[in-house]
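Observations on the three-dimensional arrangement
Residue strings, one per chain:
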Amino acid sequence: RVRVRGLSIFRPIIYGNTATVLTPKEREALPSPDHTHKWTVAVRSAASKDGIDSVGGADDLSYFIKRVAFKLHDTYPNPSRTIDKPPFEVSETGWGEFEIQIRITFIPESGEKAITLYHHLKLHPWTASGDPEPIPPLDVAMKMGPVHSWQYDEITFNDPYQNFLTILTNH
Ligand code: SLL
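By convention here, each chain's residues receive numbers from 1 onward along its written sequence. Predicted model: local features are reported for residues with pLDDT of at least 70 only, side-chain atom pairs are reported and counted for 80 or more only, and whole-chain, interface and lining totals are derived from all residues.

1. Let's talk about the overall build of the chain
Within the chain one finds three helices and eight strands. Where helices and strands are cited, they refer to DSSP runs of H or I of at least four residues and of E of at least two residues respectively, numbered from the N terminus. Walking the chain from its N terminus toward its C terminus, one meets helices and strands in the order β-α-β-β-β-β-β-β-α-β-α. Along the first, second and third principal axes, the C-alpha set of the chain runs to 60 × 35 × 25 Å. In this scheme every C-beta is placed from the backbone, and a residue whose C-beta has 20 or more other C-beta atoms within 10 Å is buried, one with 12 or fewer is exposed, and one in between is partly exposed. Of all 171 residues assigned to the chain, the portion counted as buried reaches 20%.

2. What to know about the site of the ligand
Nearness rests on one distance test: the residue's C-beta atom, set from the backbone, must lie within 6 Å of the molecule or strand. In the vicinity of the ligand, the contacting residues are Ser-32, His-73, Thr-75, Tyr-76, Gly-94, Trp-95, Gly-96, Glu-97 and Phe-98. In the shell around the ligand, the residues fall into three nonpolar, five polar and one charged. Note on residue classes: Ala, Val, Leu, Ile, Met, Phe, Trp, Tyr, Cys and Pro are nonpolar, Asp, Glu, Lys and Arg are charged, and everything else, Gly too, is polar.

3. With respect to the sheet that holds strand 7 (residues 115-120)
A pair of strands is labelled paired if DSSP reports no fewer than 2 bridges between them. Sheet architecture is open: four strands sit in the order 4-3-6-7, paired in antiparallel fashion. Looking at strand neighbours, the two that pair on one side only are strand 4 (80-83) and strand 7, the edges of this open sheet. The average undirected angle you get between the axes of adjacent strands in this sheet is 20°. As paired elements, strand 3 (residues 65-71) and strand 4 share four bridges and run antiparallel to each other. Note that in strand 4 the partner of Ala-69 across the bridge is Thr-82. A fitted line through C-alpha atoms serves as each axis, taken over the contacting stretch for helices, and the angle formed by two N-to-C directions is quoted from 0 to 180°.

4. Considerations on the sheet that holds strand 2 (residues 37-45)
In space, the four strands of this open sheet follow the order 5-2-1-8, with antiparallel pairing throughout. Edge positions in the sheet fall to strand 5 (88-94) and strand 8 (147-158), since each of these pairs with one other strand and no more. Recorded for the sheet is a direction-independent mean angle of 15° between the axes of neighbouring strands. Here strand 2 runs beside strand 5; their pairing, made up of seven bridges, is antiparallel. Each residue of the ladder has a partner; that of Val-43, found in strand 5, is Phe-88.

5. Examining unusual backbone geometry
In the segment running from Pro-86 into Pro-87, the intervening peptide bond is cis, with an omega of 0°. Its identity is not glycine, yet Asn-78 carries a phi of approximately 45°, on the positive side. Looking at the secondary structure, you find Asn-78 in the loop between strand 3 and strand 4. Phi is positive for Asp-159, close to 45°, though the residue is something other than glycine. Residue position: Asp-159 is located in the loop between strand 8 and helix 3 (162-170). Taking the C-beta count within 10 Å as the criterion, Asp-159 has 13 such neighbours and is therefore assigned partly exposed.

6. Observations regarding the nonpolar core
Among the nonpolar cores identified, the biggest contains 19 residues, and Val-41, Val-43, Val-68, Phe-70, Phe-88, Ile-100 and Ile-102 are the most heavily contacted of them. Within the residue set of this core, elements represented by two or more residues are strand 1 (8-21), strand 2, strand 3, strand 5 and strand 6 (99-106). Here the element with the most residues in this core is strand 2; it accounts for four residues. Put simply, a nonpolar core is buried Ala, Val, Leu, Ile, Met, Phe, Trp, Tyr and Cys residues tied into one set by C-beta atoms within 7 Å.

Purely geometric numbers; function is a separate question.
This is the structure:
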């Protein structure tokens, strides 16, 4: 296996979450009535045409990502959620914000080590000033609509193996 020395190649991704306040009806239907929000945490291609709402298709990162493991808060059953095919995302309900560990494993051809990202799950609305403010009541937050919290990043591969480089560039 031959490395292409001196070459760097990157792939743009976004990772983060969307969150929505549960309606009273949705809450009644849950086994845990203390849950207030539904949310989705995901790793997606930043190069996809349809952005954060897309799943699969043009957004398919599986040509170089083999697996994404999302480590949730210990209050969740089976907090380690491993996703082996796109969309690389986990949807849950809950009541609180917490740090999610996101471990990305690349295809074996890459010869690359897994990388770990961190995302603070955001449930509550952003404030205009960015200053901490009291969390608005749920009925107010509901009217404000879904909360989005996404980060852009570039996964860079230095001195990639020739065959991995071919996989990346031919996609
Ligand atoms: C907090 N440090 O106290 C955070 C922890 C944990 C949120 C938030 C679990 C739901 C379930 C859930 O929402 N955990 O019981 O399945 O705010």
